[in-house]
Protein chains: 2
Amino acid sequence: MSPITEPDEATPVVRGESRLMEAGIVGDIEFLLARARAVGSVRANQGLADVGLKVRSYSVLALACSGLGPSQREMAGFLRLDPSQIVALVDELERRELVAREPDSRDRRSKVVTGTRAGRTLQTKAARMVRTAEDRSLSPLSETERELLRDLLRRVAFESPT
Amino acid sequence: MSPITEPDEATPVVRGESRLMEAGIVGDIEFLLARARAVGSVRANQGLADVGLKVRSYSVLALACSGLGPSQREMAGFLRLDPSQIVALVDELERRELVAREPDSRDRRSKVVTGTRAGRTLQTKAARMVRTAEDRSLSPLSETERELLRDLLRRVAFESPT
DNA sequence: TGCGAACGGTTGACCACCTCAATCGTCGTG
DNA sequence: CACGACGATTGAGGTGGTCAACCGTTCGCA
């Protein structure tokens, strides 16, 4: 990086811009999550652009196609989004006839979102693209390390106090 | 799953809204990163609000106070932000006299950002708040698991292909 | 039974943030 | 020394996050 020193032969292979790795901030989980996400979501969005989706809309579509019949509020809580954002996302997907809002017979306030046939086929296609994008993001890790990372993140994301 | 079954006594303690955990999306790294970050950054921002910072401005301040004398462009690459965003963040910190822009003697195009005395004291104070916020976010993990998560994220965040 | 509080969905406004293109001064190379 | 590349800056345009208010519905409770 510095313009004068020649490459150190003992330097481990570090693809990132490395001079600032000395800074204490690389120990911050918040920073690491932000940067990992920045790296990955660009790629995921690129892949999903082919089917006219983004990570946001893909998440909603995936939940709608899960067979669990989630209400919009459930989606909002699960994805940590404001309910009003779900409205817009479902609006868009419904306009494209990928999902449908069905009234909940038990509670007429809430609406259950389910994937249409077209939605389900698109979702499986999109899931493949997400997975290949993910593969590239996780390429520095071995298979067991990837599973480990998923497990640790799952616990932080779901079992952390409110 | 089915709406009628009574609570299963073998169910592990899951604090999250759990019904949708059956959905395949919980295996998505992108989703897990987004949710973990959503959980944690709210807390971190709350803590930092006491000193008038956010995670963004804190990151810039921390880099400025690292003693590494980073240029704005280095910061941008490291934090994965657009250079124009760095301008605004440094403007704000400079206005509060927490950091100073110094001309780089080697390259008069670039400006080195360093923390002032006030900036450094605020930074150490802020670092404490970030750490306690992080402690709560990572509370579901043991100490060795936390280090493991940090290490895995570091590799994904820095060694992943462009 | 009926009343009020709470809730789900929706809308709209507002602010933070991201991305991009254009500009200016500076650097490096040929 | 001329030209292309680069760092910082500005401004525009689009997206996303947050919040308050609203309507219809449900639930707790008197």
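All values derive from a computational prediction rather than experimental measurement.

Cut-offs and rules
- Residues numbered from 1 in each chain as written.
- Chains lettered and ligands numbered in written order.
- Predicted model: local features only at pLDDT ≥ 70, side-chain atom pairs only at ≥ 80, totals over all residues.
- Heavy atoms only, no water.
- pLDDT = per-residue confidence, 0-100.
- Contact = heavy atoms within 4.5 Å.
- Buried area = accessible area lost by both parts, 1.4 Å probe.
- Salt bridge = Lys/Arg side-chain N within 4 Å of Asp/Glu carboxyl O.
- Polar contact = N/O pair within 3.5 Å; in protein donor to acceptor, adjacent residues only side chain to side chain.
- Near = heavy atom within 4 Å.
- Helix = DSSP H or I, 4+ residues; strand = E, 2+ residues; numbered from the N terminus.
- Nonpolar A, V, L, I, M, F, W, Y, C, P; charged D, E, K, R; others polar.

(A) Geometry of the confidence of the model for chain A. On average, residues of chain A score 87 in pLDDT, and 88% of them reach the 70 mark or higher. Low pLDDT, under 50, characterises residues 1-14 of chain A; the stretch is placed with 5 contacts to residues that sit more than four places away or in other chains.

(B) Fine view of the interface of chain B and chain A. On the side of chain A, 68 residues touch chain B, which itself brings 69 residues to the contact. Of all residues in chain B, Leu-20, Phe-78 and Phe-158 of chain B give up the largest surface area on contact with chain A, accounting jointly for 10% of the area buried on that side. At the boundary of chain B and chain A, one finds 4 salt bridges. For Glu-145 of chain A, the salt bridge goes to Arg-155 of chain B, with nearest N and O atoms at 3.0 Å. Where chain B packs against chain A, one counts 24 residue pairs in polar contact (both at pLDDT 80 or more).

(C) Inspection of the protein's contact with DNA strand D at higher detail. In the vicinity of DNA strand D there are 18 residues, among which Arg-56 and Gln-85 of chain A together with Gln-72, Arg-73 and Arg-109 of chain B approach most closely. When atoms of DNA strand D within 4 Å of the protein are sorted by moiety, sugar and phosphate together comprise 75%. Arg-56 of chain A places a polar side-chain atom, nitrogen or oxygen, 2.4 Å from a phosphate oxygen of DNA strand D. Here Arg-73 of chain B contributes a backbone N or O atom positioned 2.5 Å from a phosphate oxygen of DNA strand D. Among the secondary structure elements, those contributing two or more residues to the surface near DNA strand D are α4 (83-95) of chain A together with α3 (72-79) and α4 (83-95) of chain B. Looking at side-chain class alone, the surface near DNA strand D contains 2 nonpolar, 6 polar and 10 charged residues.

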